[in-house]
Amino acid sequence: MRGVKPPPTSGKFITLEGGEGAGKTTQIKLLADFLKAGGLDPIITREPGGSPAAEVIRSLLVEGAVDRWQPMTEALLNFAARLEHVRETIEPALTAGRWVLCDRFADSTVAYQGYGHDLGRAAIDELHRLVLGYFQPDLTVILDIPVDEGLARTRNREQAEGSREDRYERMDEGFHQRLRDGFLDIARRNPERCVVIDAAQEPETVHAEIRAVVGQRLKVALA
Ligand code: Z5A
């Protein structure tokens, strides 16, 4: 039987990042199931959102009536939601020794608002220091996929579900390419924290690579 032997420390904070259709939601569920089968009790959370106040901000940003925000307004709202999420959900879970698996975190603000909307990495890094100090995930998995493949996946999903493209999916290809380049640049600048995985592979292959990375980087015995 597959098993997980966590070290005798507090919980671990793992984030999954990537552009549209990279498969974060799919992979977070697979990873959570694997960790549960090994005896851990991880929580799955997401951004924007993940605490009651942060979900209110998400409803403005993702499902709200406003179709176009100033990029800095969007960055500020994402960090406001993030502060609530960290204080109310993530830190208490880590202190209680639980693992936290998060669908997007601060790297998404660097990629979307910093690179995609041209606010620049330095401005987002400054905001991060102001709001969260040096708080960062223990491990960030960046799911990398060519822009056209990721967008094709989200469009297929929308056709199957009968939903409409969201405002980010409607952005031009240049925006999505800046996102992809941005995530790869984040990984290059933070090699101790970030690992890039080829997300164009089969879901089970991607999952196996994530499991291996979690074992190696977080020094846990996974079998
Ligand atoms: N945003 C921001 O601008 N600034 C910030 O600071 C933060 C966020 C935190 C939140 O959207 C939006 O907020 C997001 C960034 C912005 N922009 N958008 N859009 P969201 O939470 O509603 O959704 P998302 O995070 O963008 O998720 P996604 O890209 O739509 O999907 P995903 O989670 O990466 O993928 P998935 O749902 O797992 O898979 C997508 C489809 O592909 C689905 O049909 C799967 O069955 C299929 N799939 C998954 N993996 C595979 C493989 N390996 N092969 C084939 N098919 C696959």
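Heads up: the structure comes first, above all this text.
Here we summarise the structure given alongside this text. Computed from a predicted model, the values in this text were never measured in an experiment. (Residues numbered from 1 in each chain as written. Predicted model: local features only at pLDDT ≥ 70, side-chain atom pairs only at ≥ 80, totals over all residues. Heavy atoms only, no water.)

**Some thoughts on the site of the ligand**
Inference 1: Around the ligand, the structure places 28 residues, and the nearest of them are E20, K24, T25, T26 and T109.
Inference 2: Between the ligand and the protein, one listed contact pairs an oxygen atom with a side-chain N or O atom of K24 at 2.6 Å.
Inference 3: When the free accessible area of the ligand is taken as 1,100 Å², the share hidden by the protein chains comes to 82%.
Inference 4: Going through the elements one at a time, α1 (24-37), α3 (71-95), α4 (106-116) and α6 (147-161) are the ones with two or more residues in the shell around the ligand.
Inference 5: Ranked by residue count, the leading element in the shell around the ligand is α4, at four residues.
Inference 6: Here the shell around the ligand is built from residues that sort into seven nonpolar, eleven polar and ten charged. (Near = heavy atom within 4 Å. Polar contact = N/O pair within 3.5 Å; in protein donor to acceptor, adjacent residues only side chain to side chain. Areas by Shrake-Rupley, 256 points an atom, 1.4 Å probe, with all protein chains shown as cover. Helix = DSSP H or I, 4+ residues; strand = E, 2+ residues; numbered from the N terminus. Nonpolar A, V, L, I, M, F, W, Y, C, P; charged D, E, K, R; others polar.)

**Digging into the environment of E169**
Inference 1: Position of E169 relative to the elements: it lies in the loop between α6 and α7 (173-189).
Inference 2: Residues E169 and A122, 47 residues apart in the sequence, show an inter-C-alpha distance of 25 Å.
Inference 3: Excluding residues that lie within four positions of it along the chain, E169 makes contacts with E20, L151, T154, R155, R157, E158 and H176. (Contact = heavy atoms within 4.5 Å.)

**Topic: a negative patch on the surface**
Inference 1: Taken together, D148, E149, D172, E173, D198 and E209 make up a surface patch of like negative charges.
Inference 2: With respect to the helices and strands, D148 occurs in helix α6. (Patch = residues over 30% accessible without salt bridge, like charges linked within 9 Å, V, L, I, M, F, W, Y side chains within 5 Å. Salt bridge = Lys/Arg side-chain N within 4 Å of Asp/Glu carboxyl O. Lys, Arg positive; Asp, Glu negative; His and termini not counted. Charge placed at Lys NZ, Arg CZ, Asp CG, Glu CD.)

**Digging into the nonpolar core**
Inference 1: F13, I90, V100, F105, Y112, F135 and I186 are the most contacted members of the largest nonpolar core, which has 28 residues in total.
Inference 2: The set of elements that each furnish at least two residues to this core consists of α3, β4 (100-103), α4, α5 (121-132) and α7.
Inference 3: For this core, the element with the most residues is α3, which contributes six residues.
Inference 4: F135 has contacts with F13, V86, I90, E91, L94, F105 and H128, leaving out every residue within four places of it along the chain.
Inference 5: Counting 24 residues, the second largest nonpolar core, distinct from the first, contains L101, I145, V206 and L218. (Core = buried A, V, L, I, M, F, W, Y, C linked by side-chain atoms within 4.5 Å. Buried < 20%, exposed > 50% of the residue type's maximum accessible area, 1.4 Å probe, protein only.)

**Some thoughts on α1**
Inference 1: Helix length check: α1, at 14 residues, gives a terminal C-alpha distance of 20 Å against a target of 20 Å (1.5 Å per residue), a fit within 8%.
Inference 2: Looking at α1, one finds that the buried residues are K24, Q27, I28, L31, A32, F34 and L35. Projected down its long axis, α1 shows its buried positions confined to an angular sector of 160 degrees, all on one face.
Inference 3: G39, located one to two residues past α1, shows a positive phi value of around 100 degrees. (Expected span 1.5 Å × (residues − 1). Arc of directions from axis to C-beta.)

**Let's talk about unusual backbone geometry**
Inference 1: Omega for the peptide link from E47 to P48 comes to -10 degrees, which places this bond in the cis form.
Inference 2: With respect to the helices, strands and loops of the structure, P48 is situated in the loop between β3 (43-46) and α2 (52-61).
Inference 3: Of note, R104 is a non-glycine position whose phi angle comes to about 75 degrees, a positive value.
Inference 4: Mapped onto the secondary structure, R104 falls in the loop between β4 and α4.
Inference 5: Its relative accessible area of 14% is what places R104 among the buried residues.
Inference 6: With a phi close to 65 degrees, D118 is a non-glycine residue in the positive phi region.
Inference 7: Looking at the secondary structure, you find D118 in the loop between α4 and α5.

**Regarding the packing of α1 against helix α8 (residues 203-217)**
Each pair of packed helices can be described by the angle between their axes along with the distance between the axes.
Inference 1: Between α1 and α8, the shortest axis-to-axis distance is 10 Å and the interhelical angle comes to 55 degrees. With respect to each other, α1 and α8 are oriented oblique. Handedness of the α1/α8 crossing: right-handed. When α1 is examined against α8, the residues Q27, L30, L31 and F34 are found in contact with a partner set consisting of P203, E204, V206, H207, I210, R211 and V214.
Inference 2: Of the residues that constitute the contact of α1 with α8, the class distribution is seven nonpolar, two polar and two charged. (Axes fitted to C-alpha atoms, helices over the stretch in contact; angles between N-to-C directions. Parallel < 35°, antiparallel > 145°, perpendicular 65-115°, else oblique. Left-handed = near helix turned anticlockwise from the far one by under 90°.)

**Here we look at the pattern of salt bridges**
Close approach of charged atoms lets side chains of opposite charge pair.
Inference 1: Scanning all chains against the criterion turns up eleven salt bridges.
Inference 2: The partner of D118 in a salt bridge is R178, with the nearest N and O atoms 3.9 Å apart. Within this pair, whereas D118 is found in the loop between α4 and α5, its partner R178 is found in helix α7, the two being separated by 60 residues in sequence.
Inference 3: Classification of D118 as exposed rests on a relative accessible area of 57%.
Inference 4: Residue D125 is joined to R121 by a salt bridge in which the shortest nitrogen-to-oxygen separation is 3.4 Å. With D125 and R121 both in helix α5 and four residues apart, this pair spans about one turn of that helix.
Inference 5: Beyond isolated ion pairs, a larger network of salt bridges with shared partners links D185, R188 and R189.

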